[in-house]
Amino acid sequence: MTTPVPRLELLHVTKRYPTIVANDDVSLSVLPGEIHAVLGENGAGKSTLMKVIYGAVKADSGTMMLDGHEVSIANPAQARRLGIGMVFQHFSLFETLTVAENIALVLDEPFNLPALASRVKEVSEHYGLPLDPNRMVHSLSVGERQRVEIVRCLLQKPKLLILDEPTSVLTPQAVIKLFETLRQLASEGVSILYISHKLHEIQSLCDHATILRNGRVTGKAVPREETPASLARMMIGRELPVCEAPIYEGEHRPVLTVRGLSLLPTSQFGTELKDISLTVNTGEILGIAGISGNGQAELLSALSGEAATERDVIRLNGKSIGHLDAGERRAKGIVYVPEERLGRGAVPPLSLGHNALLTAHRQGMKNWGLVRYGKARIYADECVNRFDVRGADASTNARALSGGNLQKFIVGREIMLKPEVMIVAQPTWGVDVGASAVLRQALIDLSRTGVAILVVSEELEELFEIADRIAVLAQGRLSPARPRGELNAEKVGLQMAGLFDHAETTPAASMMETKHASA
Amino acid sequence: MIEHLIPILAGTLGAAVPLIFAGLGELVTERTGVINLGVEGMMLVGAIAGFAAAAETGHGAAIGLPAGALAGAATAMIFAFFALSLAANQAACGLALTIFGIGLSAFIGQHYISYSLPGLKPIAIPLLSDIPVLGPILFKQDWVVYLSFLAFAGVAWTLTKTRLGLLLKAIGESPESAHSIGYPVISIRFGAVAFGGAMAGIAGAYLSTVYTPLWVQNMSAGRGWIAVALVVFASWKPARLMLGAYLFGAVTILQFHAQGLGIMVPVQFLAALPYVATIVVLVIISRDRRVLQNNLPASLGKPFLP
């Protein structure tokens, strides 16, 4: 038996940027019909490598072979002609066009929308990705948008399909559906390059894995034969850090309560909040699961005080605070870490000292209306030391910090305010594994001092790691919060699809699909 | 009554032609996310180029319009180089282009101040022009008016029915996405800006070789600015743009008649009327912000570098 010719072979690919080497002598090979994982942390060089393959970035050196022939790909259009399809992490769709129109724009064929629409329907149903070709993209859920991206690639009959972190926006059930589709494609001979940092996904889906760290290949493995720990060691170079959540032994009493909060959306594509009630107690972390766009932004702005609500809807220790603005709520001990670090959590061109002043000015940093910069600097330096913010001090500009280090600073700055309630949105979005562990542990430790914490996150694993109780926000409604031990990913996933009442029954799975498709 | 109305309405069509061409050109440009405020300047350069070509060759508008189109497109390339290749601020580049166009056209125009051109005779379309009332209004016009109908139909059809139209809209919404799926965003925007320039040039050449067939400094008299405003208030839709252009044309002709009838209103006020009336009506039509927001090319005015 001869060894089959690899579909894709990369040999010694190197790509340098002015400050870093994004890919250093990377080689990998993918066989026809193989699902190959490229595993690595943020900044390990995965995305650059995929852009090289797709022709969006040109490598400095190295060769690329496609079906045994050396190719040099100048641009994405040429890559598509050669049979390479890519599903982007940040979708490349046009919101004001329909599904069919979006797809028409990437196909090299005569322009005939009705014919294309029926083919879209056919292909999408064949692969279990139901789509209505005439819907406007802005009305689709994130999962549906991803289907559009995938169907768009499939219509070009790709030989190699690249998926960049495809599951970060999907419910657990949608992930299962996606994996079925990908296995079906692989069985039809399509090679798949699957980029991710989620170990369990790679173990359940992929035949082989190439692991990248700091731009270099640090291992090649058959994921099913490895343990998460051994994969993690290759990926981050040490053991996977785990959080410890000791039992809270102080008094339990409700601190922040929301009763019957309804809110109209402020933006055109926003979500209406419908009758939301929740309670956050001392010494616990309440996790709000759900995919962004289901009312997360609206709920956070109502809690932080950016959006006005009725007076009695939100209470702190029994006192109405719904009418108070963000500053007044902060004065009462509610702190907020928004999702956007640059521009909302911190001002990019200002130093950390000045950024500390933004929320910590009540900590004796003013004297007769004049700012005491020295105090702000001391506060920032203390925050940098206590929360292990690397490569920075009080004079460093916020913009110069990596996502993880800036988030450590912002979270640390709020923790040092000694709040009564802390509201955090997507605490570890885009943050590497090491910094994520530090942040999660910091939140747990804070809650065990009696602080009531509310965390809104898209990452289910994160909530299962740190939250004591979990509620799900879907289509503007909030499910009742339940202790973490009573829940699993499947139950939460069903609730994410908006089915609070059917979470226990099995036929709900099929119902969820139809509801999701028509949502 | 009708016999008074017919010449007014027939004149309206001609008076609207410069706005139709300049407006359709700017509409296509803005659809791709580029706002070119140099329309007034490009019109003037087109007007003097068209006038000079017509005067030197003796072929009138038949040579004047193509010459105006070329000159307008060439002027637009100055804008494109700065605003697209170098990603400079589009508003500033467009304003500079208008100032440049006013100056350049006045400079070249010094040689042509005493010239005048023969203008164009209306062409009656057989059968159609015999229809009562509508015939003399619609089908006894010079050929550029007919060309303006074709330009509208062509632009409207291209924008709604073709892949190119879809692509222009897509680039206007998200040049980043268009780039990532492999379209040459800058080149396509160059093309749209050149088209806008050519159309503005035709509009200017129509003014100088047909509408008032002589050269007067600054003869576009703010029509370029009205064209830019029309595009926004028409919420980037060709049919609404036509409506605005005809409204402007109608009020322009009406105020001429009013002056002729000796209505006791200052001439300056009457001359300002078309501008005021057009803007007021269009503002009222487009007061629904949602419609405006829905059609606004999301990347309008934002520089893009791949």
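Computed from a predicted structure; not experimentally measured.

Draft legend 1. Here's a closer look at the overall build of chain B. Across its full length, chain B holds 13 helices and 2 strands. Since a compact globule built from 306 residues should have a radius of gyration of about 19 Å, the 19 Å found for chain B is in line with a globular shape. C-alpha atoms of chain B, sized along the principal axes, occupy 60 × 45 × 40 Å. For chain B, with 306 residues in total, the buried portion stands at 47%.

Draft legend 2. View of the nonpolar core. Ranked by size, the top nonpolar core spans 159 residues in total, and within it Ile162 and Ile192 of chain A together with Tyr206 and Leu230 of chain B carry the most contacts. When residues of this core are assigned to their parent elements, the largest contribution, 15 residues, is made by helix H9 (residues 185-211) of chain B. Not counting the four nearest positions on each side in its chain, leucine 230 of chain B is found in contact with Leu19, Gly23, Leu241, Gly244, Ala245 and Leu282 of chain B. In this structure, Leu256, Ala302, Ile415 and Leu460 of chain A belong to the second largest nonpolar core, which totals 83 residues.

Draft legend 3. Summary view of the packing of helix H13 (residues 403-415) of chain A against helix H14 (residues 433-447) of chain A. All names here are of chain A. In the contact formed by H13 and H14, the axes pass within 10 Å of each other and the chain directions differ by 10°. Considering their axes alone, H13 and H14 lie roughly parallel with respect to each other. Across the interface between the two elements, Gly404, Asn405, Gln407, Lys408, Val411 and Ile415 of H13 pack against Ala435, Val438, Leu439, Ala442 and Leu446 of H14. Of the residues assigned to the contact of H13 with H14, the class counts are 7 nonpolar, 3 polar and 1 charged.

Draft legend 4. Fine view of the pairing of strand E19 (residues 421-425) of chain A. Residues and elements named next belong to chain A. Of all the 5 residues making up E19, 5 are buried; the element is thus mostly covered by neighbouring parts of the structure. With burial as the criterion, each face of E19 is covered, one bearing Val421, Ile423 and Ala425 and the other bearing Met422 and Val424. Direction of pairing for strand E16 (residues 334-337) relative to E19: parallel, over a ladder of 4 bridges. Bridge pairing in E19 links valine 337 to valine 424.

Draft legend 5. Layout of the environment of glycine 40 of chain A. All names here are of chain A. By the element assignment, glycine 40 lies in the loop between strand E3 (35-39) and helix H1 (46-54). Separated by 191 residues in the primary sequence, glycine 40 and leucine 231 have C-alpha atoms spaced 9.8 Å apart. Those residues within four positions of glycine 40 in sequence are excluded, and the remaining contacts are Gly45, Lys46, His197, Ile211, Leu212, Arg213 and Met235.

Draft legend 6. Region of the structure containing the interface of chain B and chain A. Between chain B and chain A, the contact holds 13 residues from the first and 18 residues from the second. For the side of chain B that touches chain A, the secondary-structure elements that each account for two or more residues are helix H7 (163-173) and helix H8 (175-180) of chain B. For the side of chain B that touches chain A, the element with the most residues is H7 of chain B, which contributes 6 residues. Residue composition of the side of chain B that touches chain A, by class: 4 nonpolar, 6 polar and 3 charged.

Cut-offs and rules
- Residues numbered from 1 in each chain as written.
- Chains lettered and ligands numbered in written order.
- Predicted model: local features only at pLDDT ≥ 70, side-chain atom pairs only at ≥ 80, totals over all residues.
- Helix = DSSP H or I, 4+ residues; strand = E, 2+ residues; numbered from the N terminus.
- Rg over C-alpha atoms; globule rule 2.2 N^0.38 Å.
- Buried ≥ 20, exposed ≤ 12 C-beta atoms within 10 Å, placed from the backbone.
- Core = buried A, V, L, I, M, F, W, Y, C linked by C-beta atoms within 7 Å.
- Contact = placed C-beta atoms within 7 Å.
- Axes fitted to C-alpha atoms, helices over the stretch in contact; angles between N-to-C directions.
- Parallel < 35°, antiparallel > 145°, perpendicular 65-115°, else oblique.
- Nonpolar A, V, L, I, M, F, W, Y, C, P; charged D, E, K, R; others polar.
- Pairing = 2+ DSSP bridges.

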